[in-house]
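Coordinate analysis (summary)
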Amino acid sequence: MTQTDATPAGAPSESITESTDGRAERFDAQAIQERWLPVWDEKTPFRSGDPADPRPKKYVLDMFPYPSGDLHMGHAEAYALGDVVARYWVQRGFNVMHPIGWDAFGLPAENAAIKRGLDPRAWTYENIAQQKASMRRYACSFDWDRVLQTCDPEYYKWNQWLFNKFHERGLAYRRPSQVNWCPNDQTVLANEQVVNGLCERCDTPVTKKKLTQWYFRITEYADRLLDDMSQLEGRWPDKVLTMQRNWIGRSQGADVTFVIEGADTTADGGAQQADRDVTVYTTRPDTLFGATFFVVAVDSDLAADLVAASPAAVRAEFATYLEKVRGTSEIERLSTDREKTGVFLQRFAVNPVNGEKIPVYAADYVLADYGHGAIMAVPAHDQRDLDFAKAFGLPVKVVVDVRGEDGEPLPDPAVSGTATAGVGAMVNSGPLDGLQKAEAISAIVELLAGKGLGKETTNYRLRDWLISRQRYWGAPIPIVHCPACGEVRVPDDQLPVELPPSEGLDLKPKGTSPLGGATDWVNVDCPQCGGPAQRDTDTMDTFVDSSWYFLRFVSPDRDDVPFDPELVRQWLPVEQYVGGVTHAILHLLYARFFTKALHDMGMVDFVEPFTGLLNQGMVLMDGSVMSKSRGNLVRLSDQLADHGVDAVRLTMAFAGPPEDDIDWKDVSPAGSARFLARAWRLAQDVASPVGVDVSTGDVALRRQTHRTVHEASTLVEGFRFNVVVAKVMELVNATRKVIDSGAGPADPAVREATEAVAILLSLFAPYTAEDMWSALGHEPCVALAGWPVVEEGLLVTETVTCVVQVAGKVRDRLEVSPSITEDALRELALAAPGVQKALGDKGIRTVVVRAPKLVNVVPA
RNA sequence: GCCCCCGUGGCCCAACUGGUAGAGGCACCCGGCUCAGACCCGGGACGGUGAUGGUUCGACUCCAUCCGGGGGUACCA
């Protein structure tokens, strides 16, 4: 499948023999790994918890993994890149908190348990142990004193505690609603967890179900989630900010109240209803005069209500239609080009501005849970309404005179079939006639408000976050249902509500929580009245666990508070968060919401949890996502065995911009290993002593060293890791040249350059760097060596090459002083032979001088 | 359909944000080392920046249109 297949087992390709100068040393990646790992275990260079540590603090965080099996190539990329950032700031003299933990609750453990009859707990902890060992070998710069697993009762106790806090404040509540249901996982899903109508986890088409579920009131924070994004501008990828904005989907509009006329079908077995007010939401109240019909969502309570007073035939038709819609999968429902369907309820709504009676339809293109689940339909100016009007032969009334680019009126939507959504002067709209959109909107809102029939409003696409799950492996919701007291929180001092052992429970998904089967666990005394009561049997969405874990890292062992407030003040917010773009909405939105809620409770003093965000791309093979079924799986363990940890890490950093996907077939871990061997040999060759006076060394090499270190800072801080690596390669090449054909291995500049290489490489290839550092005569750890100090004087060169162009084409080059004046440079340039030749006998129009790098002579 | 990003040697990618198109790597070719191969060392070839037009003394970089690729979103009224 890859170049790895070409390497026979037992013949590691990273063993590169040095033969040109007769030395026997060779670069042996595996041996170096074995040598330094125990040393680091002892020296623990990345401990961050010493209260006496004088270094300034910085929090760098990698998204914590889900423990399903061992680490894979995706982890390897993420942790390689996160490590560059963390290790860089350590070299810059910061006390970096770089913790790791496990997002350890969730369905994979449970599914594995069901499939293979294992205990989800045991399965999870085994995987964690394996991943932890792999991370250690991968030389991740984690602070191993700060580790957490969300499935530990010590952790989820605080999950429950936070749930209680939310519940106290009305941010956690239970209500019945149409919810997303995954038939495969047999549990409900939050809106964010439905991707294109499919379950985010298992790609099963999601259906709807009416259930009473627990929600977090995230919608209360919609405005702040939106507005606070301005603080993240420039420090988060634009893409993520855009996705969150779209997801929250704020829109400005108006509520308009229509009257639905009463009806009496008691003779027909139906109901009798008086006139009633029904409010709709619209972003185009200006088009109110163009409303020719009215639509309610077929699956809304309103529709059910209205149809009750419809004739029997309509009621029957409605019931059939509703059933059909319910059976339609979300994925079908999402396809926009399907025909509009609906049922005329034989009820009528009265337009509040002109008293027109318009027919009321129930249809599935109106959503029950957005706005008021009902709309006024303006077919002339809304494509969806027009499609419906055409399907049902309803009138189309133009109320906006929309002109094309040529100033001509656009064709009549009734004829063209295309609604005119643009702006223009109002027509057929009584008092609004002649007004432009904005004026018309304020006029109509004012008019309606005067009669109490309308007002400006804001709507959001964002829905409350459904957090209950009907599965076993999660944090139990700490609520007791008491026949006398209702919903009662389990008192904080009785937390955690521990999960009952899985033994004896039927974990198979069956639509209700397996916890219901743990009778001893379910039946409890009501904490309030002491009477018999029952525990809530649902568990929390695992995204709850990950919405605050970054806070827990400051004090993972505290058992009296979820996190130490003083330490949070010192360390938070996370300065650099690193992870995949798959969480652009889900996790990042939830974590932002939690942070704001905790802020309002006075528990944290900031409102955004992650001030910087880096999204790494994916690792692909042959242009597609790796998977067993595709047969293009590249195993991390194979790569590490074949090329060594450092070569794999370096390859991840060197492959290209971090946010781009890496196609493993386009990169060369073998090439990385080759480069590391070249760098490593420099350290073997250095012949000057530690601490040698470098000022006498080869100036050209010294300049390059200092320039490289200088540029590397900016590049790392801008996540241009691939460019940094290229610069280090250049420096290695230049140093080799000086050793072989220049001043030789004893030149102090060679030592200076090689030490710089070791320190720069310590961000990418820690084992090689450590071994170089040792060969150079230093004690471990190179990770703490400190960033080389740049001598400003060496950043300026004594001459620069000035390009002399004639009519934009390069005709000559001059070596000039960087401080040359424009006039002097102009003189020199005009006298240059290349210029004279190119100019011939033509005159000169202008001379553009950009000292000291460029002169452009423009001929007449 | 709408919005965003990206097109640079055979491939992955640089280019001080308007100033010499090429830094680095992969692959390839030649030479050295070798009994030979691998490794290593030295050297080399390759494109004018997706297309067209515009702005400019000067465009990979800015603008317009188009082509190609990727991503997001999609009955949200």
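Below is a summary of the structure that appears in this document. Values in this document were obtained by computation on a predicted structure and should not be read as measured data.

A word on the state of the cysteines
- Applying the stated criterion across every chain, the model contains zero disulfides.
- You can see C482 has no disulfide; the closest cysteine sulfur is in C529, sitting 3.6 Å from it.
- Looking at the unpaired C781, the closest cysteine sulfur is the one in C140, lying at 16 Å.
- With relative accessibility at 8%, the residue C781 sits in the buried group.

A look at the protein's contact with RNA strand B
- Neighbouring residues of RNA strand B: 49 residues in total, closest R384, R674, M729, E730 and R813.
- What you see for RNA strand B is that sugar and phosphate hold 64% of its atoms within 4 Å of the protein.
- Measuring from a sugar or linking oxygen of RNA strand B, one finds a side-chain N or O atom of D666 at 3.4 Å.
- Within the contact set of RNA strand B, a sugar or linking oxygen lies 3.4 Å away from a side-chain nitrogen or oxygen of N722.

Remarks on the sheet that holds strand 34 (residues 662-663)
- With mixed pairing, three strands are arranged side by side in an open sheet as 33-32-34. Two strands bound the open sheet, and with one partner strand each, they are strand 33 (624-625) and strand 34.
- Pairing of strand 32 (residues 619-621) with strand 34 involves two bridges; the strand directions are parallel. Across the sheet, L620 pairs through a bridge with D663, a residue of strand 34.

Some thoughts on the packing of helix 3 (residues 107-116) against helix 4 (residues 120-137)
- Two elements in contact, helix 3 and helix 4, have axes separated by 8 Å at closest approach and are oriented at 120 degrees. Our classification of the angle between helix 3 and helix 4 gives oblique. The way helix 3 lies across helix 4 gives a crossing that is right-handed. Facing P108, A109, A112, A113 and R116 of helix 3, the residues of helix 4 in contact are P120, W123 and T124.

Digging into the packing of aromatic side chains
- Counted under the stated rule, the structure contains 43 aromatic pairs.
- Summarising the aromatic geometry, the rings of Y361 and F388 are spaced 5.3 Å apart at their centres and angled 85 degrees between planes, so their arrangement reads as edge-to-face. Highlighted residues: Y361 in strand 18 (residues 357-363) and F388 in helix 11 (residues 383-392), separated in sequence by 27 residues. Each member of the pair, Y361 as well as F388, is classed as buried.
- One aromatic cluster in this structure is built from F163, F166, W214, F216, Y221, W465, F543, Y590, F593 and F594.
- The cationic tip of K57 hangs over the ring face of W571; the distance from NZ or CZ to the ring centre is 5.3 Å.
- One residue, R461, lies across the ring of W247, its end atom 4.4 Å from the ring centre.

Rules behind the numbers
Residues numbered from 1 in each chain as written. Chains lettered and ligands numbered in written order. Predicted model: local features only at pLDDT ≥ 70, side-chain atom pairs only at ≥ 80, totals over all residues. Heavy atoms only, no water. Disulfide = S-S within 2.5 Å. Buried < 20%, exposed > 50% of the residue type's maximum accessible area, 1.4 Å probe, protein only. Near = heavy atom within 4 Å. Polar contact = N/O pair within 3.5 Å; in protein donor to acceptor, adjacent residues only side chain to side chain. Pairing = 2+ DSSP bridges. Helix = DSSP H or I, 4+ residues; strand = E, 2+ residues; numbered from the N terminus. Axes fitted to C-alpha atoms, helices over the stretch in contact; angles between N-to-C directions. Parallel < 35°, antiparallel > 145°, perpendicular 65-115°, else oblique. Left-handed = near helix turned anticlockwise from the far one by under 90°. Contact = heavy atoms within 4.5 Å. Phe/Tyr/Trp six-rings, centres within 6.5 Å; stacked < 30°, edge-to-face > 60°. Lys NZ or Arg CZ within 6 Å of the ring centre and 35° of its normal.

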